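The primary structure of each chain is shown beneath.
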Amino acid sequence: NKMTTSSSSSSNLLSFNAFELQPLISNLSFKIQSLENYGNNMYCGSIDGVLISLVEQQDQTGNIIVRESTRRNLGRGKKPIQQIKFFEDIGRIIALSDGFIDVLGVPALDLLTQSSVPQQLRGIISFGCGPRKRIAIQIKKKLFIGDFSTGIVKLNKEIPSQHSARCMEWCGPDKILLGYRVGYSLINVSTNELSPLLQLSKSDQKPLIKRIGNNELLLRTSNLGIFVSNDGQPTRTNIVWTNIPFDLAFRFPYIIALSQTNIEIHNILIHNSKQSINLTNIGPIISISEKIQASILIHSSNSIYKLNPAPLQKQVSELIKQEKIAEAIEVVQYYAGKDLNLPHIILKLHEEAGTVFFSNGKFTEAFEQFECSNIDIRQVIALFPGLLNSKSTFISKYTNISLDKIKN
């Protein structure tokens, strides 16, 4: 079953549903406080201090099933697990609960805290995993910098601060973007230089940072999403949200903003284009989780839902229909990556774009696209019925497009 989505042909809404929300598992035997996913594994932090691993599989009939794999009590009493992060560089899970971080191996969830985390690390407010196996930990008004290269948290530096970071994101090996209750700042951990970026008012919710690429981040201020580079410089037009989000996800080229009433999805390549998915019928939502090569998940206290993207070809075709050729190429290049057929895919994209421009009566643009493709010249000639040889047996694959039909 798929959740209903609201969409419209209005100019400021996406012309198609970029995502559909689908129930994955409900009525869990535990209550979820936090969620992290990697591959087919989902790691759920419960409200009473237990970390549960769920695995998504296909049964013999092809249906998706979710089974519980492993449980691990963190030994912090009945305190909720507030945050879970998969530290990919070291293949470990780091969980935050009751001011402590615990380190666990995967997939067995072996508890490695005693041998890997210094005992003085208590009262932790937030943490961030960085490049080169580095880690930043905020305790009260002190920011600790360390590394995990040996499998043990080794603290290298302590930086005093005026405020406590509620969230953080590394911006390269030496910089961290910090989110305080009063605003956002960029710190250079080598020089201790702190550069304020944005202020937050008292009416704003807690700070929220989302990385949306190797060199770009999104900061929330009230109902605005502000894009900045790793150096804190503005990069593109702001997003204006209908509802103030409390969590964010990114799946190129879409920003996914989660509020209590809806999921608001914006295409960063097309300003003011969005999709809205109503959440009022599925109960209070807690957070959203996404990782590259993994599903985008949202969860309530006892249910998990999957946010399924439209097929790539559908996304690209819709961009071409809107004559957004550069944007379509950018999407293809992003997902094709090292695909050996990428040049062929780009050529076919230009061909499709040419037919769209031709159908819209934009002949100059159409021929520019055809010249960038490897279209059979006979396909182009067939678009002009008057030029066809009466004895020709060539059959065009674009029978619904011709100069005569456009004139009519």
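Residues numbered from 1 in each chain as written. Predicted model: local features only at pLDDT ≥ 70, side-chain atom pairs only at ≥ 80, totals over all residues. Heavy atoms only, no water.

Structural notes on the overall build of the chain
Within the chain one finds seven helices and 28 strands. Along the longest, intermediate and shortest principal axes, the C-alpha atoms of the chain span 85 × 55 × 40 Å. Buried residues in the chain amount to 48% of all 408 residues. Taking the contacts inside the chain whose residues are at least 6 apart along the sequence as the reference set, 44% of them involve residues at least 24 apart. Surface accessibility of the chain: about 20200 Å² in total, with carbon and sulfur atoms responsible for 48%. Positive and negative charge centroids in the chain, built from 43 and 34 side chains respectively, lie 6 Å apart. (Helix = DSSP H or I, 4+ residues; strand = E, 2+ residues; numbered from the N terminus. Buried < 20%, exposed > 50% of the residue type's maximum accessible area, 1.4 Å probe, protein only. Contact = heavy atoms within 4.5 Å. Areas by Shrake-Rupley, 256 points an atom, 1.4 Å probe, with all protein chains shown as cover. Lys, Arg positive; Asp, Glu negative; His and termini not counted. Charge placed at Lys NZ, Arg CZ, Asp CG, Glu CD.)

As for the sheet that holds strand β20 (residues 224-229)
Here we have four strands laid out as an open sheet, ordered β18-β19-β20-β21, and antiparallel in their pairing. The sheet is open, and its two borders are formed by β18 (209-213) and β21 (239-240), each paired with just one other strand. For strand β19 (residues 216-221) and β20, the ladder comprises six bridges, and the chain directions are antiparallel. Residue Glu-216 lies in a different strand from β20, and its bridge partner there is Ser-229. (Pairing = 2+ DSSP bridges.)

Here we look at the packing of helix α2 (residues 312-321) against helix α3 (residues 325-336)
A pair of packed helices can be characterised by two numbers: the angle between their axes and the separation between those axes. Look at α2 against α3: their axes get within 8 Å of each other, and the N-to-C directions meet at 160°. Considering their axes alone, α2 and α3 lie roughly antiparallel with respect to each other. The handedness of the crossing between α2 and α3 is left-handed. Each of Leu-312, Val-316, Leu-319 and Ile-320 in α2 lies in contact with α3, whose residues at this interface are Ile-325, Glu-327, Ala-328, Val-331, Val-332 and Tyr-335. Its residues assigned to classes, the contact of α2 with α3 shows nine nonpolar, no polar and one charged. (Axes fitted to C-alpha atoms, helices over the stretch in contact; angles between N-to-C directions. Parallel < 35°, antiparallel > 145°, perpendicular 65-115°, else oblique. Left-handed = near helix turned anticlockwise from the far one by under 90°. Nonpolar A, V, L, I, M, F, W, Y, C, P; charged D, E, K, R; others polar.)

Quick look at helix α4 (residues 342-359)
Its 18 residues place the ends of α4 26 Å apart at the C-alpha level, agreeing with the 26 Å of an ideal helix rising 1.5 Å per residue. Two residues or fewer past α4, Gly-361 is found with a positive phi of approximately 75°. (Expected span 1.5 Å × (residues − 1).)

Side note on the pairing of strand β24 (residues 262-267)
With six of six residues buried, β24 is to be regarded as a mostly interior element. Burial of the side chains of β24 extends over both faces: Asn-262, Glu-264 and His-266 are buried on one face and Ile-263, Ile-265 and Asn-267 on the other. Pairing geometry for strand β23 (residues 254-258) and β24, over five bridges, is antiparallel. In the sheet register, Ile-256 faces β24, and the bridge partner there is Ile-265. Linking β23 back to β24 in an antiparallel pair, the connection comprises three residues. The hairpin formed by β24 and strand β25 (residues 274-278) contains six residues between the paired strands, and Asn-272 there has a positive phi angle of roughly 70°.

So, the pattern of salt bridges
Counted according to the given criterion, the structure contains 15 salt bridges. The salt bridge partner of Arg-76 is Asp-102, with a shortest N-O separation of 3.0 Å. Taken together, the residues Arg-76 in the loop between β6 (64-73) and β7 (81-87) and Asp-102 in strand β9 (residues 100-105) connect sequence positions 26 residues apart. Among the ionic contacts, a cluster of salt bridges with common partners joins Lys-314, Glu-318 and Lys-321. (Salt bridge = Lys/Arg side-chain N within 4 Å of Asp/Glu carboxyl O.)

Overview of the nonpolar core
Ile-255, Ile-320 and Leu-349 are the most contacted members of the largest nonpolar core, which has 38 residues in total. Apart from residues lying up to four places away in sequence, Ile-320 is in contact with Ile-325, Ala-328, Leu-349, Glu-352, Ala-353 and Val-356. (Core = buried A, V, L, I, M, F, W, Y, C linked by side-chain atoms within 4.5 Å.)

Things to note about the sheet that holds strand β4 (residues 41-46)
Pairing within the open sheet is antiparallel, and its four strands lie in the order β3-β4-β5-β6. Pairing within the sheet leaves two strands with one partner each, and these edge strands are β3 (32-38) and β6. Adjacent strand axes in the sheet meet at a mean angle of 25°, parallel and antiparallel pairs treated alike. Direction of pairing for β3 relative to β4: antiparallel, over a ladder of six bridges. Across the sheet, residue Ser-34 finds its bridge partner in β4, namely Gly-45.

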